[in-house]
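Inside the fold
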Amino acid sequence: MCAGGEGKSAAPGARGMAPEVSAAAPEARGMAPEVSAAAPQPAVAPEARGMAPEVRAALVDLLCQLADDELTMGHRDSQWLGLAPDVEEDVAFSSIAQDEVGHAVYFFEALRQLGEDHPDALAFDRPPAARRNALLVERSNSDWAYTVLRHFVYDAWDAVRLRALTASRVPALAQGAVRMLREERYHLLHMETWVRALGQAGGEALDRLTAAVRAVWPDLGDLFDLGAHADTLLSAGVLPQPADALVRAWVAEVRPVFEASGIPWPGLPDPAPASTEVVVPGGAVVPGGAVVPGTGVVPDGVVVSGGRPVVFGGRRGVHTEALDELLGEMTQVSGPHPSARW
Amino acid sequence: MRSGGVANGAGAAASRPGHEVYEVFVQSSALEPHTHVGSVLAPSAEWALQVARENFARRGTAVNLWVVRRRDIAATPADDGDFFVREFDRTYREVSGYSDNARRWKRFKARAMTMDEVMDDVRGG
Amino acid sequence: MTQTLYTRFMARIERGEKIEAADWMPDDYRQLLLRLIHMHAVSEIMGAYPEKEWVPRAPTLRRKLSLMAKVQDEIGHGQLLLRVAEDLAEPLGRTRDDLMRDVMTGRVKFHNVFHLEAPTWADAGIIGWLVDGAAIITQTALLDCSYGPYARVLRRICAEESFHMQHGESIILTLAEGTPAQREMLQEALERWWEALLFFFGPPEVTASARKMMEYRIRSRTNEELRQKFLSRYVPRIRAVGLRIPDSRLRFDEETGRWTYTEPDWERLGRMVRENDGPKSRERIGLRRRAHEEQAWVRDALVRAGHAAMV
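A brief report on the enclosed structure follows. (Residues numbered from 1 in each chain as written. Chains lettered and ligands numbered in written order. Predicted model: local features only at pLDDT ≥ 70, side-chain atom pairs only at ≥ 80, totals over all residues. Heavy atoms only, no water.)

**Here's the deal with the pattern of salt bridges**
Side chains bearing opposite charge may pair, as long as their charged atoms lie close to each other. Condition: The salt bridge definition used is simple: a Lys or Arg side-chain nitrogen within 4 Å of an Asp or Glu carboxyl oxygen. Strands are runs of DSSP state E lasting at least two residues, helices are runs of H or I lasting at least four, and both sets are numbered from the N terminus onward. Burial classes follow relative accessibility: with a 1.4 Å probe on protein chains only, a residue under 20% of its type's maximum area counts as buried, one over 50% as exposed, and anything between as partly exposed.
Evaluated as defined, the whole model comprises 56 salt bridges over all chains. The partner of A:E116 in a salt bridge is A:R56, and the shortest N-O contact between them spans 3.2 Å. Note that A:E116 is positioned in the loop between α5 (87-113) and α6 (119-125) and A:R56 in helix α4 (residues 53-78), a separation of 60 residues in sequence. For B:E54, the salt bridge is made with B:R53, and the minimal N-O distance between the two is 2.3 Å. For B:E54, a relative accessible area of 6% corresponds to the buried category. Looking at B:R53, the relative accessible area reads 30%, which means it is partly exposed. Several salt bridges share partner residues, and in doing so they unite A:D86, A:E88, B:R16, B:E23, B:R70, C:R83, C:E86, C:D87, C:R96 and C:D97 into one network.

Shown next, in the form of structure tokens:
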């Protein structure tokens, strides 16, 4: 369970109630009513009623993937504040960052309605092993070429995923997806324009862009992973398209832009989810025990296949040191004062 | 009359090589005209539109944006008040020129109409 | 000829007309305005850095979003003001890149408050509440400026500052209602900022250039008048939330209707601005240099891409 950590399962069907949130974290954060008032109210609860436990678990996992992707991407984007190539771009880029965090809030609210923790607790208090974001979005920003290329391939994936979710049987996902797609259109357009411009400029810009492609590509398999519950998501109609269909749609989105930018199409990376190899961030092989360096925890995404432990990346809670560092900064204020409101 | 002298602008020279000043106009709803809100420095109209969206329409509503290269704008000189001067009586073309109608209607035991009234009546009914 | 132009210009000023960028204006009018607006623009941009440090560390989702929006506004104000400054600088052959480079060379100064450290979340609150509060007062006083482009931009800026005001108050109120540790954090932050806030309005004596700016109706109030307004508005509120102002001499004199206060160290704080030797001056100028120089290839690429698209 990504959201509540261990043993924090909530009774399905508890509409609008947050069962057993005695940990006081939600109230302690103090900002709950404002967040709720500002955020569109996701309507998950009716679906949760009578939802089979494995479907609920799959839904929670997917919501965490969506929320964590958007929060982490928005956080990385916000680090560009005051440092973008020009003041006009600084303002434009910051709006995109705010949109991403706003979308994360929507998904965290949806989790709360399923009986999971308060959005702030979910965003700030979960350890890396409980996070479901793709590795791609947690990587540090590097240069502007990496930033816009990473953003472009992520936004294209996000758009494809959201388009599929508009047909979800979970109303919160279907309704949220329709609204988010409208905002993501500008993100995609803006990033696409950047990629094209850097490619067409040639010279240093094209060199940097090419280097960015090399850096981004190994993370794609992880980005495309739909997590440990992918089969249930599909069969229950929560995410009514399989990963390979999404990947095809993603290629249709991304490849023409590469062609217009003068970047040779690198081909698709191996589909990581189907592999039986040990896959860990950074390329190091983790021996049988699968303890993740830097966290000291056994991620709950470890599954055994053919007698060998198979550890996947971000969607299974296995992250890089970049996420540790990001979270360390993010919780610097809230961390040492667990009972305080902010 | 000359070009390049837009209301809040100076000459037409680019403030950075390869870039130009684009004046930005936001339309807040379909029934409102486009309103000048400021300018951006951009390498092309496409970029100007993309950054203008967030630099000038990140709050409030907008349904349309224009960007216009400053050097394509012709404007009257801002310090030539005479261009707009109206020295002699033009109340014959304004409502205020007919304030006596109300008093005169009273003689006929009827009330003067106003445009607002008519609009409320016709559109509200 | 110039004499006639000057007389005509002054007649317009006295009639309360607004001067536009393409209009004839005396050199010193342009220079005074340019210096003021250039510094204002750069202060907005440099002012983003102390708060930017807190965006990744903001303790709730709501605070993260509002701080992002607030810092974005500051940069946006920098953009609006830069455009006004660029138009004034254009006849002098100076471009945006020159104006930005002036930050690195120290040719343009920025407000003292943005040279200081913001070591705790409460500092982010104090900046939002009191630094913005002080800036709102000085900016409001410029709304009637005789230069049209500046006056128009200020209207937009002041409208957005009304959100900043609420944002800052909200952080402060939450801390003031919070745990003893939070209130202590807030008190310490106030003590760090108080002297700088008084300095922010500038020295009490009316300098020659200040007098000239009043003559040109660029500004209409003295530094001291604005500082008094700040004290009248904020001292009661600071005290109301239970904070102690670190100035034993601070009091309102009923007879004169004025606040008396311990003078800030004009010399030390002035040097910080003049010589960029505040605790964070170098680091923040370094950030700006990074943004400007490390991203130069990106701006060049846009120009090259534009040419490539045209052929």
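**Brief notes about the interface of chain B and chain C**
How we decide: The contact rule is simple, with two residues in contact once any of their heavy atoms fall within 4.5 Å. Two parts placed together each lose some accessible area under a 1.4 Å probe, and adding up what both lose gives the buried area. Under this definition, polar contacts are N or O atom pairs within 3.5 Å; protein pairs additionally need one hydrogen-donor-capable and one acceptor-capable atom, and for neighbouring residues in sequence, both atoms have to be side-chain atoms. Gly counts as polar in this scheme, as do all residues outside two lists: the nonpolar Ala, Val, Leu, Ile, Met, Phe, Trp, Tyr, Cys and Pro, and the charged Asp, Glu, Lys and Arg.
Between chain B and chain C, the contact holds 28 residues from the first and 27 residues from the second. The contact between chain B and chain C buries some 2400 Å² in all, and 46% of this surface belongs to carbon and sulfur atoms. The largest per-residue losses of area from chain B upon contact with chain C belong to B:R16, B:R58 and B:D79, which jointly make up 24% of the total buried on that side. For the pair chain B and chain C, the interface holds 6 salt bridges. For the salt bridge of C:D73 with B:R58, the shortest nitrogen-to-oxygen distance reads 2.8 Å. Taken together, the links from chain B to chain C amount to 9 residue pairs in polar contact (both at pLDDT 80 or more). Breaking the side of chain B that touches chain C down by element, the ones donating at least two residues are β3 (35-42) and α1 (45-56) of chain B. Top contributing element to the side of chain B that touches chain C by residue count: β3(B), with 4 residues. Residue classes in the side of chain B that touches chain C are distributed as 13 nonpolar, 9 polar and 6 charged.

**Looking at the packing of aromatic side chains**
Rule in force here: Working definition: a ring pair exists when centres of Phe, Tyr or Trp rings (six-membered ring for Trp) sit within 6.5 Å. Plane angles under 30 degrees give stacked, over 60 give edge-to-face, the rest tilted. Charge-over-ring contacts are defined here by two conditions on Lys NZ or Arg CZ: a distance within 6 Å of the ring centre and an angle within 35 degrees of the ring normal.
Applying the stated criterion across every chain yields a total of 26 aromatic pairs over all chains. Each ring, one from B:F83 and one from B:F84, has its centre 4.9 Å from the other, and the planes form 85 degrees; the classification is edge-to-face. The class of B:F83 is partly exposed, set by a relative accessible area of 43%. A ring pair is formed by C:W129 and C:Y234, whose centres lie 6.1 Å apart and whose planes are at 75 degrees; its orientation type is edge-to-face. Note that C:W129 is positioned in helix α5 (residues 121-140) and C:Y234 in helix α9 (residues 223-240), a separation of 105 residues in sequence. Accessibility classification places C:W129 together with C:Y234 in one group, the buried group. These aromatic residues form a ring-pair network of at least three members: A:W157, A:W217, A:F224, A:W250, A:F258 and A:W265. The ring of A:Y186 has B:R53 sitting right over it, with the charged end atom 3.8 Å from the ring centre. Taking the ring centre of C:W54 as reference, the NZ or CZ of C:R57 above it sits at 3.9 Å.

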